[in-house]
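One letter stands for each residue in the lines below.
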Amino acid sequence: MGTVASNSCCEADKGTNEEFCVPRTHCFDADADDSAAISPNLSPGVGHMWSESSMQVGHKRSSVLTPDLEIMRGISLSSTLSSGGHLWRYSPKKFSTEQRMALYSKSKPVEKLDIFISHTWWTPGWQKAAALYLQTAWPTLLVSWLLAISVAFVLSVTRILPMPFIYEANLVGFTALCPFGCWILCFGIFLPLLLSAVLLHLNCHRSPLCFVDVACIHQEDSHLMRRGVQGIGGFLAASRELRVLWSPPYLSRLWCVFELAAFSKANSSGQIVLAPLFVETSVWCLWGFLCVSNVLFWFARSGRGGASILAYFIVLVVIGPATHGLRKSYLSKQRLLEDLKKFDLDEVKCYSEADREFIHSAITDWYGSSEAFTSYVRGPLKRKMLEPILHTQLPLPYLLFLLTPTFSISFETFLALWMGRAPVESLVAWAVGMMLGNNLLWLPLFMVLWIYLCDQFAQPRWPGRCWDVLQTGAVMAVCFLFAAFVSLGSNFSVAYGPVAAICWASSGVAAVLGVLITRPLRFRRRKNAFLVMEAKVPDTEIAEMESNA
């Protein structure tokens, strides 16, 4: 490690993913074998900067967890997502002095915090912005989607919006050329994003107050910066929740480990929320794939002959790349389990020996020794985080969000039948068999199977890229067969009338109930099997560690 001769470290990390700027007073070079040119462990966000005098061993550890109310600040979570998540997406080293001060001015003095957001700037900022946006805005997205498709339906029925295309209907004896629009699909895709962004901005004052390093620690005044960095433990002690935006580099960053240690010690009643970034990024990617597939489906549906069953297979075009991408996303889950299992505090790198000395001394005072803290992470902390890690399926709101593009196109077809004066039997058959049975019952089951297989077969079973592609192909084949079964079942149920549609929807209800009833049992078995396989410490010793922690 050597001192950089230039006046700024901002130029020292070109070509890397490092996303913060270390103050001019104290710059470090990374080891030659590291991809970053400055220390990633100096800070969660601004490069935690300590003067040598502030890092003396004699520094009182008891003050580390005492909130410094004079400099403690918070920022609304919604504010961090304004301007498309500008705070997260762009490196603070690229901000001008005016931009940094404007960012600091968005935070305000507080005595308590709702959320301390723990993350590493080694991870691309867009992933954190996308994850926080979905975590925060999913209720608005779903409500906005319902509002958007309802407005599009009314405007189309009243002929305020034109329906210039045609759909050739052929179901329950009804054959006709019906007027066909694209407004429900377009409104259902684009308006929720726009409305949720606007509402998120308007409700900033009601949003949870958070600690986000680059906004709550002064970026220009070196004295206030040092106080802010020294007060990280106090920020944690005053926070109700520690939200860990986990990414693969997280547990290799010493300051991130410090935040886990400090919160666990100072906030026994607080909640640690593990939020792996791959979950939300996977949802956004899948939603994008589904939007594309349903736009392709719309083109296949419109015009003469659009009622062909073959049109449904158009949506399967994107299954290949989506499956491969989803498998790779779930590899991060395996990495998280491995990181917790093999965690060793002494192996976590830190390029500043002063930082390392301070953090190790604080953790030793709190937990007795670095070995004791390592055991705590591998034992009680891993057990505490095990449930969200082992859960394969997405949260229900995310699953509903993924269904919106497909439901929009089905509602578009229902509108075409309505405007084409289809008989009541045809409308009922479509609403029950397709919109309820297919979209709300069988399609979620397809999603569950798809995600489960991508999770279970995320790790390549054989070496070599060709085998990895074949593994994706095998998963895709199973998903394709299930999707074909659902597509054919839905179309035949609609073709044979309301009774067949009701039977199809009823079978979907039975299948969903079966999955919901057996899911807790399957999860308990999986969790117990994992604990038996992974446990290295007797239960009595684990219980003792949990009580000490």
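The numbers attached to residues start from 1 for each chain and follow its sequence in the written order. Two thresholds apply to this predicted model, a pLDDT of at least 70 for residue-level local features and 80 or more for giving and counting side-chain atom pairs, whereas whole-chain, interface and lining totals are computed over all residues. Only hydrogens and water are removed before side-chain values are computed, so all heavy atoms of the structure are retained for them.

Draft legend 1. Seen up close, the packing of aromatic side chains. Pairing of aromatic rings covers Phe, Tyr and Trp, the last counted by its six-membered ring, and requires centre-to-centre distances within 6.5 Å; plane angles under 30 degrees mean stacked, over 60 mean edge-to-face, and any other angle means tilted. On inspection of all chains with the given rule, the structure shows 35 aromatic pairs. Of the aromatic side chains, those joined through ring pairs into one cluster are Trp145, Phe153, Phe407, Phe411, Phe414 and Trp418. Here the guanidinium or amino end of arginine 73 rests over the ring plane of tyrosine 104, the centre of that ring lying 4.3 Å away. A ring is considered to have a charge above it if a Lys NZ or an Arg CZ atom is located within 6 Å of its centre and within 35 degrees of its normal. Positioned above the aromatic ring of tryptophan 122 is the side chain of arginine 253, whose terminal nitrogen or guanidinium carbon lies 4.5 Å from the ring centre.

Draft legend 2. How the structure looks around the UniProt feature "transmembrane region" (unreviewed entry) in the protein chain. UniProt tags residues 141-161, 173-200, 273-300, 306-326, 398-421, 427-454, 466-488 and 494-517 as "transmembrane region" (unreviewed entry). Here a strand is any run of E in DSSP of at least two residues, a helix any run of H or I of at least four, and the numbering for each starts at the N terminus. As annotated, residues 398-421 has a helix share of 92% and a strand share of 0%, and its two end C-alpha atoms lie 35 Å apart. The span residues 427-454 is 100% helix and 0% strand, and its two end C-alpha atoms sit 36 Å from each other. UniProt positions are given in the numbering used here, feature names are shortened, and annotations may be inferred rather than shown by experiment.

Draft legend 3. Representation of a nonpolar patch on the surface within the structure. Patch membership needs two things, relative accessible area over 30% and no salt bridge, and members are linked within 9 Å if like-charged or within 5 Å if nonpolar (Val, Leu, Ile, Met, Phe, Trp, Tyr). A 1.4 Å probe and the Shrake-Rupley method give the accessible areas. Residues count as covered only by the protein chains that appear here. Take a side-chain nitrogen of Lys or Arg and a carboxyl oxygen of Asp or Glu: if they are within 4 Å of each other, that pair is a salt bridge. Taken together, Leu194, Val198, Leu199 and Leu202 make up a surface patch of nonpolar side chains, about 350 Å² in accessible area. Per-residue accessibility, obtained with a 1.4 Å probe over protein chains only, is compared with the maximum for each type, and a residue is labelled buried under 20%, exposed over 50%, and partly exposed between these values. A residue is classified by how much of its surface remains accessible, and leucine 194, at 51% relative accessible area, is exposed.

Draft legend 4. Looking closely at helix H10 (residues 277-301). For H10, with 25 residues, the first-to-last C-alpha span of 36 Å sits near the 36 Å given by 1.5 Å per residue. Glycine 303 occupies a position one or two residues after H10 and carries a positive phi of about 90°. Multiplying one less than the number of residues by 1.5 Å gives the expected span of a helix.

Draft legend 5. Seen up close, the pattern of salt bridges. Going through the model one piece at a time under the given rule, you end up with nine salt bridges. Aspartate 468 serves as the salt-bridge partner of arginine 327, at 2.7 Å between the closest nitrogen and oxygen. Of the two residues, arginine 327 is situated in helix H11 (residues 319-341) and aspartate 468 in helix H16 (residues 465-495); the sequence distance between them amounts to 141 residues. Like aspartate 468, arginine 327 is buried. With a shortest N-O distance of 3.2 Å, glutamate 338 and lysine 342 are connected by a salt bridge. Taken together, the salt bridges that share partners define one network made up of Asp68, Glu70 and Arg227.

Draft legend 6. Here's a closer look at the nonpolar core. One finds Trp88, Ile117, Phe258, Ile363, Trp366, Phe373 and Leu417 to be the most contacted residues of the largest nonpolar core, which totals 144 residues. When residues of this core are assigned to their parent elements, the largest contribution, 14 residues, is made by helix H4 (residues 125-157). Throughout this description, the term nonpolar core refers to a set of buried Ala, Val, Leu, Ile, Met, Phe, Trp, Tyr and Cys residues connected via side-chain atoms within 4.5 Å.

Draft legend 7. Spatial organisation of the layout of surface pockets. Of the grid points, spaced at 1 Å and generated over the protein atoms alone, those admitting a 1.4 Å probe that cannot get out make up cavities, while open sets with protein on both sides within 12 Å along at least five of seven lines make up pockets; any residue with an atom within 4 Å of a point is treated as lining. Grid points are joined across faces, edges and corners, and a volume is the space filled by probe spheres set on the points. Empty space within the second largest pocket amounts to approximately 530 Å³. Along the walls of the second largest pocket sit 23 residues, with Leu274, Val279, Glu280, Pro395 and Tyr398 positioned nearest its centre. At the level of elements, H4, strand E8 (271-274), H10, H11, helix H13 (370-390) and helix H14 (396-419) are the ones that each hand at least two residues to the lining of the second largest pocket. The residue inventory of the lining of the second largest pocket, partitioned by class, reads 15 nonpolar, four polar and four charged. Classification convention: Asp, Glu, Lys, Arg as charged; Ala, Val, Leu, Ile, Met, Phe, Trp, Tyr, Cys, Pro as nonpolar; all other residues, Gly among them, as polar.

Draft legend 8. Seen up close, the sheet that holds strand E7 (residues 239-244). When DSSP finds at least two bridges between two strands, those strands are taken to pair. With respect to topology, six strands assemble into an open sheet ordered E2-E1-E6-E3-E7-E8, the strand pairing being mixed. Sheet topology places strand E2 (108-109) and E8 at the edges, where each strand pairs with a single neighbour. In terms of strand pairing, strand E1 (residues 73-76) meets strand E6 (residues 209-211) through two bridges, oriented antiparallel. Counterpart to isoleucine 75 in the pairing with E6 is cysteine 210.

Draft legend 9. Spatial organisation of the side chain of glutamine 135. With respect to the element layout, glutamine 135 can be found in helix H4. On the basis of relative accessibility, which here comes to 17%, the residue glutamine 135 falls in the buried class. Any N or O atom pair separated by 3.5 Å or less is treated as a polar contact, with the protein-specific requirement of one donor-capable and one acceptor-capable atom, and with residues adjacent in sequence counted only for side-chain atom pairs. Here arginine 243 takes part through its side chain, which lies 3.0 Å from a polar atom of the side chain of glutamine 135. The criterion used for residue contact is that any of the two residues' heavy atoms lie within 4.5 Å. Once residues lying within four places of it in the same chain are set aside, the contact partners of glutamine 135 are Arg243, Leu245, Ala275, Glu280 and Tyr398.

Draft legend 10. Local environment of the confidence of the model for the protein chain. Note on scores: pLDDT gives the predictor's confidence for each residue, bounded by 0 and 100. Taken as a whole, the protein chain shows an average pLDDT of 79; of its residues, 81% reach a score of 70 or greater. For the stretch residues 1-62, pLDDT sits under 50, and the model shows 154 contacts to residues farther than four places along the chain or on other chains. Of the regions scoring below 50 in pLDDT, residues 536-549 engages in 15 contacts with residues more than four places distant in sequence or in other chains.

Draft legend 11. Geometry of the packing of H10 against H14. Fitted lines through C-alpha atoms give the axes, limited to the stretch in contact for helices. The angle between two N-to-C directions lies from 0 to 180 degrees. Taken N-terminus to C-terminus, the directions of H10 and H14 make an angle of 10°; their axes are 9 Å apart at the nearest point. Taken as axis vectors, H10 and H14 run roughly parallel relative to one another. Contact residues: H10 offers Val279, Glu280, Val283, Trp284, Leu286, Trp287, Leu290, Cys291, Asn294, Phe297 and Trp298, while H14 offers Tyr398, Phe401, Leu402, Thr404, Pro405, Thr406, Ile409 and Glu412. Should an angle fall under 35 degrees it is taken as roughly parallel, and over 145 as roughly antiparallel, whereas 65 to 115 is taken as roughly perpendicular and any remaining angle as oblique.

Draft legend 12. Layout of the pairing of strand E3 (residues 113-118). Of all six residues in E3, five are buried, a share of seventy percent or more. The sheet contact formed by E3 and E7 spans five bridges and is parallel. Note that in E7 the partner of leucine 113 across the bridge is serine 239. Here two bridges tie E3 to E6, and the two strands are oriented parallel to one another. Note on E6: the bridge partner recorded for isoleucine 115 is cysteine 210.

Draft legend 13. Seen up close, the packing of H4 against helix H5 (residues 183-202). Viewed as axis vectors pointing N to C, H4 and H5 meet at an angle of 135°, and their least axial separation amounts to 7 Å. Taken as axis vectors, H4 and H5 run oblique relative to one another. You can see that H4 and H5 cross each other, and the crossing is right-handed. A class-by-class count of the residues in the contact of H4 with H5 yields 20 nonpolar, six polar and no charged. In this scheme, a crossing is called left-handed if the near helix is turned counterclockwise away from the far one by less than a right angle; it is called right-handed if the turn is clockwise.

Draft legend 14. H4, seen in detail. A residue's bend is simply the angle between two axes: one fitted to the seven residues ending at it, one to the seven starting at it. At alanine 137, H4 is deflected by roughly 65°, the largest bend along its length, and proline proline 139 occurs up to four residues later in sequence. Two residues or fewer past H4, arginine 159 is found with a positive phi of approximately 65°.

Draft legend 15. A look at the environment of aspartate 355. Positionally, aspartate 355 belongs in helix H12 (residues 353-367). On the accessibility criterion, aspartate 355 (1% relative accessible area) is buried. Between the C-alpha atom of aspartate 355 and that of leucine 254, which follows or precedes it by 101 residues, the distance is 8.6 Å.

Draft legend 16. The arrangement of unusual backbone geometry in detail. Even without a glycine there, the phi angle at serine 83 is positive, about 55°. Take serine 83: it is sitting in helix H2 (residues 82-89). Here arginine 421, not a glycine, exhibits a phi torsion of approximately 60°, which is positive. For arginine 421, the location among the structural elements is in the loop between H14 and helix H15 (424-456).

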